[in-house]
Amino acid sequence: MNYQDRLYQQKEKALYRSLSLSDPSLVDLQSNDYLGYARLMEVGKIAAHLTIKGATGSRLISGNNTQHETTEKLLSQYFNAEGALLFSSGYQANLGVLSCIAHRGDVFIYDEYIHASMHDGMRLSHAERHSFRHNDLNDLEEKLKKHSGSGRIIVAVESLYSMTGTVIDIDELLVLNAKYDFTLVLDEAHAVGVSGRDYKGVGYEKAHEFQNLIRIITFGKAFGYAGAAVLATELIREYLINFSRPFIYTTAIPINDAATISQLIDYHSNNHKPNEELDKLIKYYLSQVTSFNSNLTITSNQGPVQFLTIGDAPTTIGLEKNLLFKGLQVKAIRPPTVPAGHAGLRISLHAYNTSEEFDILFKTLNNVS
Ligand SMILES: Cc1ncc(COP(=O)(O)O)c(C=O)c1O
């Protein structure tokens, strides 16, 4: 099939994608800038006055700089890991880890909703892949029982799922980790900076109790910038430097990006106000959302991503349009991202939102049955 036909087919299936600009004059209930750091950077409150400088090569050739190493040291201390390794994006970090930590004969067991970058990394590894039902740790245990003994097992999950707002039960996962001795890749892209103890991610507090834990954190979401890091043992760090092709065969993350990440971490450790404001708004949102319409099914997690199940895709898309008309930018999530009949609105909450903005949202949702 040619390109034109494939695009036409996407349109026929209502899966066609196109780029649009978000409007800064409208209310933001869709971005990942949960703490408003991107806005603080824009007005020079974080990471101002950095000199721009290219890395000039891959980390293993000419691109390694003291700034990369300083930032990695800071990250490992801040997030309580033995080692940290920077990547240019979370996509690349997931690809870089999952493609090389398992081989033919090993087994990946993964949540059916994990991010595309984890899928792509697993595919490159040639290991077997088996999914378990979304956030269902009983089903994970069934799969662990079934595949134990047939090679190394790697479990791949997210801590906070950005499309549905579901959060993993970290204590339950710890029990399984002790019982079945698997490597855990925990993608904290949406949790780091906003969830868990000291807002350092869902896995942070118990990180030391896990066996073989690899955490992926990103700086393009709550930290409002870009880039990512892998948090793991020194041994895994050394292994990635030697075998992770997405780390080896690419220009190093720019030096000023590494410096910006250090400044963001500094800011985060000294300024809890955006987190406190966000937490207050999440509480307000959760306390009000169903009192406007008790028919709504909500995800009641304490994180910044909330999901409202509406049901069918056309009604959900109609609501998205209606909300936009009222000045609110909200994303409709529909199949195939979620199963048929479970379309809904992904409500992304930020430190800079206001209760008045939520009230507009709630009033619009009032009539949904
Ligand atoms: C769970 C998860 N992991 C990884 C990524 C990729 O991160 P980045 O945007 O830094 O490439 C995303 C981005 O949407 C994500 O949601």
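### Quick notes on the environment of Lys45
Part 1 of the argument: Position of Lys45 among the secondary structure elements: in the loop between α2 (37–42) and α3 (66–78).
Part 2 of the argument: Taking relative accessible area as the criterion, Lys45 reaches 59% and is therefore assigned exposed.
Part 3 of the argument: C-alpha separation for the pair Lys45 and Lys363, spaced 318 residues apart in sequence, amounts to 35 Å.
Part 4 of the argument: Sequence-distant contacts of Lys45, that is, excluding residues within four places in its chain, are made with Leu40 and Tyr267.

### Comments concerning the site of the ligand
Part 1 of the argument: Around the ligand, the neighbouring residues are Ser89, Gly90, Tyr91, Asn94, His115, Ser117, Glu158, Asp187, Ala189, His190, Thr218 and Lys221.
Part 2 of the argument: Note that an oxygen atom of the ligand is positioned 2.9 Å from one of the backbone N or O atoms of Tyr91.
Part 3 of the argument: In the model, an oxygen atom of the ligand is placed 2.9 Å from a nitrogen or oxygen of the Lys221 side chain.
Part 4 of the argument: Contact with the protein chains removes 81% of the 390 Å² of surface that the ligand exposes when unbound.

### As for the nonpolar core
Part 1 of the argument: Tyr37, Leu75, Phe219, Tyr285 and Leu345 are the most contacted members of the largest nonpolar core, which has 52 residues in total.
Part 2 of the argument: Both of domain 1 (3–30 + 272–365) and domain 2 (66–270) provide at least three residues apiece to this core.
Part 3 of the argument: Apart from the residues lying within four places of it in its own chain, the contact partners of Leu345 are Gln306, Phe307, Leu308, Ile310, Thr316, Leu319, Glu320, Leu323, Val330, Lys331, Ala332 and Leu365.
Part 4 of the argument: Core analysis: the next-biggest nonpolar cluster, separate from the first, contains 50 residues, Leu85, Ile114, Val185 and Leu186 among them.

### Describing unusual backbone geometry
Part 1 of the argument: In this structure, the amide linkage connecting Pro335 to the following residue, Pro336, adopts the cis form with an omega of 10 degrees.
Part 2 of the argument: Mapped onto the secondary structure, Pro336 falls in the loop between β12 (331–333) and β13 (343–348).
Part 3 of the argument: In the Ramachandran plot, Asn212 falls in the positive-phi region, its phi being about 50 degrees despite a non-glycine side chain.
Part 4 of the argument: Examined against the element boundaries, Asn212 turns out to sit in the loop between β6 (183–187) and β7 (213–218).
Part 5 of the argument: Judged by its relative accessible area of 44%, Asn212 falls in the partly exposed class.

### Description of the sheet that holds strand β10 (residues 305–311)
Part 1 of the argument: Ordered by their spatial adjacency, 4 strands build an open sheet running β9-β10-β13-β12, and the pairing between neighbours is antiparallel. Strands at the two margins of the open sheet, each flanked by one partner only, are β9 (297–298) and β12.
Part 2 of the argument: As judged from the 3 bridges shared by β12 and β13, these two strands associate in the antiparallel manner. From the neighbouring strand, Ala332 faces β13, where its bridge partner is Leu345.
Part 3 of the argument: Against the sheet, helix α12 (residues 313–325) contacts β10, β12 and β13, and its axis sits at roughly 35 degrees relative to β13.

Conventions adopted
Residues numbered from 1 in each chain as written. Predicted model: local features only at pLDDT ≥ 70, side-chain atom pairs only at ≥ 80, totals over all residues. Heavy atoms only, no water. Helix = DSSP H or I, 4+ residues; strand = E, 2+ residues; numbered from the N terminus. Buried < 20%, exposed > 50% of the residue type's maximum accessible area, 1.4 Å probe, protein only. Contact = heavy atoms within 4.5 Å. Near = heavy atom within 4 Å. Polar contact = N/O pair within 3.5 Å; in protein donor to acceptor, adjacent residues only side chain to side chain. Areas by Shrake-Rupley, 256 points an atom, 1.4 Å probe, with all protein chains shown as cover. Core = buried A, V, L, I, M, F, W, Y, C linked by side-chain atoms within 4.5 Å. Domains from an automatic or database assignment. Pairing = 2+ DSSP bridges. Axes fitted to C-alpha atoms, helices over the stretch in contact; angles between N-to-C directions.

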